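# Coordinate analysis (summary)
Here is what each chain is made of, one letter per residue.
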Amino acid sequence: MSGENEQSNTLELATDLAIAWLSNPNTSASADEVPAFLQKVYGALNNLDSVPTAEEAPTGPEFTPAVSVRKSLASKDHIISMIDGKPYKTLRRHLSTHGLTPEQYRERYSLKADYPMVSESYSQVRRDMAKKIGLGRKPGERPGARKKAATTAPRGGRKPKVG
């Protein structure tokens, strides 16, 4: 019985919408067009009932990780991918072959924002290489200048004795 009540409510709503549309002074419709318009409105309203809501909408596919988070970070020499379970020094290229960014990868597997994309040992090798070629210095500063300046400064705020 509720199905019949819903149909009559939908028909009444469609009729009210058609009347409102026809009462608009900017709308000109012949008598032959009115039943076709009413059918379109009624059909559209029935389709709205069948569209799943956000609660009923199917979610995306669930991704099960190949390894646990702890196991993926167990070694300093590599990071194990949660996609295929293989070890990599850096995950960026691997992720790009799967059409993912690091942010999407972290989101897919519910990882923290600070989850590394590069293995610890590879990161250290790159850091040492950058320091060796002088990256991270201020312009005009020589590679050992910071250490010497820090060791020659007087300690304790006392002035050195003259004389």
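Residues numbered from 1 in each chain as written. Predicted model: local features only at pLDDT ≥ 70, side-chain atom pairs only at ≥ 80, totals over all residues. Heavy atoms only, no water.

Next up on the list: the overall build of the protein. Per the secondary structure count, the protein includes seven helices and two strands. Contacts spanning at least 24 positions in sequence make up 43% of the contacts within the protein whose residues lie at least 6 apart. For the protein, the computed accessible surface area is about 13,400 Å², with 55% contributed by carbon and sulfur atoms. (Helix = DSSP H or I, 4+ residues; strand = E, 2+ residues; numbered from the N terminus. Contact = heavy atoms within 4.5 Å. Areas by Shrake-Rupley, 256 points an atom, 1.4 Å probe, with all protein chains shown as cover.)

Generally speaking, nonpolar side chains in soluble globular proteins are found buried as a group. Within the largest apolar cluster, 12 residues are counted, these being Val67, Ile79, Ile80, Met82, Leu91, Leu95, Leu100, Tyr105, Tyr109, Leu111, Tyr115 and Met117. Not counting residues within four places of it along the chain, the set of residues in contact with Leu100 comprises Ile83, Leu95, Tyr105 and Arg108. (Core = buried A, V, L, I, M, F, W, Y, C linked by side-chain atoms within 4.5 Å. Buried < 20%, exposed > 50% of the residue type's maximum accessible area, 1.4 Å probe, protein only.)

Attention now moves to the packing of aromatic side chains. Per the counting criterion, the structure on display carries three aromatic pairs. When the centroid spacing of 4.0 Å and the interplanar angle of 20 degrees are considered together, the rings of Trp21 and Phe37 count as stacked. On the criterion of sequence distance, the pair formed by Trp21 in helix H1 (residues 2–23) and Phe37 in helix H2 (residues 33–50) is long-range, its members being 16 residues apart. Classification of Trp21 as partly exposed rests on a relative accessible area of 32%. Judged by its relative accessible area of 22%, Phe37 is partly exposed. Three or more aromatic residues joined by ring pairs form one cluster here, namely Tyr105, Tyr109 and Tyr115. (Phe/Tyr/Trp six-rings, centres within 6.5 Å; stacked < 30°, edge-to-face > 60°.)

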